[in-house]
Amino acid sequence: SMGGDVHDGVGSSEPRYFEEYNGLLYFSAGNGVDGRELWRTDGEKIGTALVKDIFPGARGSDPRWLTSHGGYLYFSADGVDDTWMIKDHLSDECGGFRQSSMNSKVYFAVSASNTWDVNKDYDCPWGYHWASTKEAEELFTSEIDHSGVVGEERTYSNECGWSGYDWAGVTRRMFRYSDSRITGAYKLALHYDSVRSQKDGTTDLPSLGELTTSDFAGIVCVAGEPQGGEGAAKYYDECRFEHNSNGGLDYDSVMDSGCWARGGRELWRTDGSQEGTVRVIDSRGGGGNLNVQSGMRGSDPRYLLSFGGSLYYSAESDAEGRELWVSDGAVDGVTSMVKDINVGVADSDLMDMVECNGALFFSAVTVAEGRELWVSDGTGGGTSMVLDINNAVGVGSDVKGLSCLGSVLYFSADDGVNGAELWSSDGTALGTALVTDINTVAGVGSNPEYLTVFGAHVYFSADGGGSYGVELWRADAGGASLVQDIRPGSGGSFPKYLTVFTSGAQGAVSQLWFLATDGKDVGNIRSASGYTRESQGMQLWSYDGTSAERAFDQTFASFDIDGVSMDSDFPADFGVFENTLYYSANFGNRDYLVPEGFVERDLTSFERVHGHDQAFVIWDEDVGLESGKVYGCELSVEKGELEVAGLGGGTIGRMATIEFEGTLKEINGFARNIVFYPTDGESGWSKFTVVVKDLVDNTFCEGFVGGVCEEVVVEDSRMIWITAVNDAPVIGFGGGVGGGLVVEMGGGVGEIAGLLVSDDDVLEDGLMTVEVSSSKGRLTLNGRDGLR
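On a predicted model such as this, the values are computed, not experimentally measured, just so you know.

(A) Fine view of the sheet that holds strand β21 (residues 335-339). Read across the sheet, four strands follow the order β18-β19-β20-β21 without closing on themselves; strand pairing throughout is antiparallel. Strand pairing shows two members of the sheet lacking a second neighbour, β18 (302-307) and β21, which therefore form its edges. This sheet shows a mean twist of 35° between the axes of neighbouring strands, independent of strand direction. Relative to strand β20 (residues 321-327), strand β19 (residues 310-317) runs antiparallel, the two being bridged by seven bridges. The partner of Ser317 across the bridge, within β20, is Gly321.

Below, the structure is given as structure tokens:
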């Protein structure tokens, strides 16, 4: 069932990156109003809610790589973090955000703390940017001794309820700029609004020791983007490197009206509250531990992993490119690069990080070896390549899909000879080897995917070639073997999103769950969700260690899975929360399964979103819905009877086979009013068959000699599952006082009257077991006719 319609109406929320944290399931989704943001659910629709609008407006912060660590939920996001500002209930008469009396675009944002963290990027509220020293030179031009003009107010001193520099017992004097850590410049709270800046130190570029970190008041914010000069050029140059949640470049995105966030995509964390949802560190902002220029591009953390008490991830810096980083997880805490694997500005582009046997494994790129397997103990000196599997210079074995079984790592790699196949490693070069060449065609690999550990084996999807398509396989130290040919032949069942899950409906036993197709419904075209023909007819399957079975074998409805969302995370699997599987998919068949206009009335708004009840649809490419052409239609069913409401003016009753004629509009109308009545005592599968006859009618036979054409008959069927129901039998008593039986005594013998036993599940000639007893006397039967 649908866990929650985050995006009302026909729009899709595309939930992804599922992670359980503090008894709730968190995920990234878009509601069509706030953009893609962080959401959570308790499993109920009413309990599904937005955590925080991290990037206000329609653009969204696009949270990714959700990971629990150290009591918080960490993720990558591109948002606006104004939690550093003084809280509303503690703020002054101007709300801690005073507007300049001389320039309506200039605001002074007040900090909760009066200690300046020179390594921190302070975000202005959404719609404003943090002014630079260069901008300040153009905004504030009066001399230091300027005494003000009529109507001009001071920056903050004695304004908005302040007493001099003090508010609520805290002294605040200096408002800083985005590059004050370099220039030392600040706007003094005592000066009038138009007075120019002052600065720390005696040189143009003061040392860190010369910067005053006490008496910090806040920052200077300007509405909109920087206007004119070098500041604007630099602003747009940085924005064009930043991507929005739709994949477009920020500066030309139609979804937002500006590049507001100073930090760009960085590491965030939440405790589940709005105030507790904050940016951990702006790793690329000139702050933190990187000492690179301030900017909005962001370090774009990926593949977050909790390991050895720290948080490891892939991140990008200007000097080293994308490399391995580590954080203690604290806000503005210690964050540093572990090692520059691909030395210089080139990326090592590490991915698919996992912990195995006390070590950190991942795939990474170097110029010399290409993408290979790497291992780390969390330190730079303890980080090294395991083995150059494909030793061609710069080619790489394209290691991916890492999964740990006990103390052994399994993964997909291409050695340049066997194609992409399953490999294993204990973390040493000698202990790294090909497990099995599953696809034995030279140079053609089986392409193992979705590696998942279940029990004593690692399970995965692979193409066996020859007699098998892409099917479910498993491996251990003894090699790899086919688990089951779910879709017999070379077609392939394409198992995806392998997940170990304990279902209460399956006796609380852990099983391996996944999507696959057995090929029985591949003709039922799904919506355009990023899948190709092999994904048609996808169903949920479970494997208990012995055999794989469909989870819902009573229906032919396919899973309209959102493959883009499901494959975005690593590992790509289902979300698991409170004995329930969660996944991203479309709800209902929607209009794409019904040709446009092929219903005899307008659909309601609910039906347009979720589909509508209709047993089948027929159409003819030669004519339109309003055509008067008449077709023959035959409906039949096994193990029961059909009734079509309104057919024949309501005079046609229940029958196993019903034949009638009608136009396309009439037949499609009747298709929404079909009722199936199973025969008493029947259960299991019943076939429902529809036969449509394109009757000979010379009027519609254009292009044929003499206007004569042949009758065309088409037939299709679907299976209906009849669930066996065992209702309790009914015992009836009648005639006696208080519901008791009447006993007529004669010659010391009494005859009981008024006892009736019935059971709706038993046919007229069916058998029942009946026991009759008496506490005072003995019973006999006068006749045994029909009894056994």
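So that's the structure; there's more coming.
(B) Structural view of the nonpolar core. Residues Tyr312, Leu324, Met353, Leu360 and Phe362 are the most contacted members of the largest nonpolar core, which totals 36 residues. Those residues within four positions of Phe362 in sequence are excluded, and the remaining contacts are Leu324, Ile341, Leu350, Met351, Asp352, Met353, Glu372, Leu373, Trp374, Ser376, Thr383 and Leu402. Of all hydrophobic cores here, the second largest spans 27 residues; its members include Leu472, Val483, Ala548 and Ile561.

(C) Quick look at the state of the cysteines. Applying the stated rule across the entire model yields three disulfides. The disulfide that involves Cys356 links it to Cys404, with 2.1 Å between the sulfurs. Taking the sign of the S-S torsion, about 65° here, the bridge from Cys356 to Cys404 comes out right-handed. Of the two residues, Cys356 sits in strand β22 (residues 351-356) while Cys404 sits in strand β26 (residues 400-405), which places them 48 residues apart along the sequence. On the basis of relative accessible area, Cys356 is assigned to the buried category, the value being 2%.

(D) Broad picture of unusual backbone geometry. Omega for the bond connecting Phe570 with Pro571 falls within 30 degrees of zero, at -5°, which places this linkage in the cis form. Here Pro571 lies in the loop between α4 (563-566) and β38 (575-576).

(E) The side chain of Thr277, seen in detail. If you trace the backbone, Thr277 turns up in the loop between β16 (265-270) and β17 (278-281). Dropping the residues within four chain positions of it, Thr277 is found in contact with Val51, Lys52, Ile54, Phe75, Thr83, Trp268, Arg269 and Thr270.

(F) Focus on the environment of His146. With respect to the helices and strands, His146 occurs in the loop between α1 (133-139) and β10 (166-167). The class for His146 is partly exposed, based on a relative accessible area of 21%. Sequence separation of His146 and Tyr192 is 46 residues, and the distance between their C-alpha atoms is 7.4 Å. Once residues lying within four places of it in the same chain are set aside, the contact partners of His146 are Glu152, Tyr192, Ser194 and Val195. Here the side chain of His146 touches Glu152 through a polar contact of 2.9 Å, side chain to side chain.

(G) View of the pattern of salt bridges. Enumeration over the complete set of coordinates arrives at 23 salt bridges. Across the pair Arg64 and Asp62 runs a salt bridge, and its minimum N-O distance is 2.6 Å. Judged by relative accessible area, Arg64 falls into the partly exposed class, the value being 23%. According to the relative accessible area criterion, Asp62 is buried, its value standing at 4%. For the salt bridge of Glu275 with Lys87, the shortest nitrogen-to-oxygen distance reads 4.0 Å.

(H) How the structure looks around the packing of aromatic side chains. In total, this model carries 27 aromatic pairs according to the counting rule given. Note on Phe18 and Phe27: the rings are 6.0 Å apart at their centroids and 45° apart in plane angle, and the pair reads as tilted. By relative accessible area, which is 15% here, Phe18 ends up buried. Between Phe307 and Tyr312 the ring centres are 5.6 Å apart and the planes differ by 65°, which places this aromatic pair in the edge-to-face class.

(I) Molecular detail of a nonpolar patch on the surface. Taken together, the side chains of Ile731, Phe733, Leu755, Val757, Met768, Val770, Val772 and Leu779 make up a nonpolar region of the molecular surface, amounting to roughly 700 Å² of accessible area. Contributing elements (two or more residues each) for the nonpolar patch: β46 (730-733) and β49 (755-758). Take Met768: its relative accessible area is 35%, and that puts it in the partly exposed class.

(J) Broad picture of the pairing of strand β2 (residues 24-30). Among the seven residues that make up β2, six are buried, leaving the element largely enclosed by the rest of the structure. The pairing of strand β1 (residues 16-21) with β2 spans four bridges and is antiparallel. Bridge pairing links Tyr21 to Leu24 in β2. Counted between consecutive antiparallel strands, the loop separating β1 from β2 contains two residues, among which Asn22 sits at a positive phi close to 50°. Where β2 and strand β3 (residues 36-41) come together, six bridges link them in antiparallel fashion. When the bridges of β3 are listed, Tyr26 appears paired with Arg40. Here β2 folds back onto β3 in antiparallel fashion, the turn holding five residues, of which Gly32 has a positive phi close to 85°.

Reading the values: rules and limits
- Within any chain, residue numbers begin from 1 and follow the written order of that chain's sequence.
- Only residues with pLDDT of at least 70 get local features here, since the model is predicted, and only at 80 or more are side-chain atom pairs given and counted; chain-wide, interface and lining totals rely on the full set of residues.
- Note that water and hydrogens are dropped before the side-chain values are worked out from all heavy atoms of the structure.
- Two strands form a pair only when DSSP identifies at least two bridges running between them.
- Helix and strand assignments come from DSSP, with helices taken as H or I runs of at least 4 residues and strands as E runs of at least 2, each series counted from the N terminus.
- Between N-to-C directions, angles span 0 to 180 degrees; the directions come from axes that are lines fitted to C-alpha atoms, helices contributing only their stretch in contact.
- To qualify as a nonpolar core, a set must consist of buried Ala, Val, Leu, Ile, Met, Phe, Trp, Tyr and Cys residues joined through side-chain atoms within 4.5 Å.
- Burial status follows relative accessibility: with a 1.4 Å probe on protein chains alone, a residue under 20% of its type maximum counts as buried, one over 50% as exposed, and anything between as partly exposed.
- The contact criterion used is simple: two residues touch if any of their non-hydrogen atoms lie within 4.5 Å.
- By convention in this document, the label disulfide applies to cysteine sulfur atom pairs within 2.5 Å.
- Two N or O atoms form a polar contact when they lie within 3.5 Å of each other; inside protein one atom must be a possible hydrogen donor and the other a possible acceptor, and for residues adjacent in sequence the pair counts only when both atoms belong to side chains.
- Here, a salt bridge means any Lys or Arg side-chain nitrogen found within 4 Å of an Asp or Glu carboxyl oxygen.
- Between rings of Phe, Tyr and Trp, where Trp is taken as its six-membered ring, a pair exists when centres lie within 6.5 Å; planes separated by under 30 degrees are stacked, by over 60 edge-to-face, and by other angles tilted.
- Patches were defined on residues exceeding 30% relative accessible area and lacking a salt bridge, with like-charge contacts within 9 Å and nonpolar side-chain contacts (Val, Leu, Ile, Met, Phe, Trp, Tyr) within 5 Å.
- All accessible areas in this document rest on Shrake-Rupley with a 1.4 Å probe, and a residue is counted as covered only by the protein chains that are shown.

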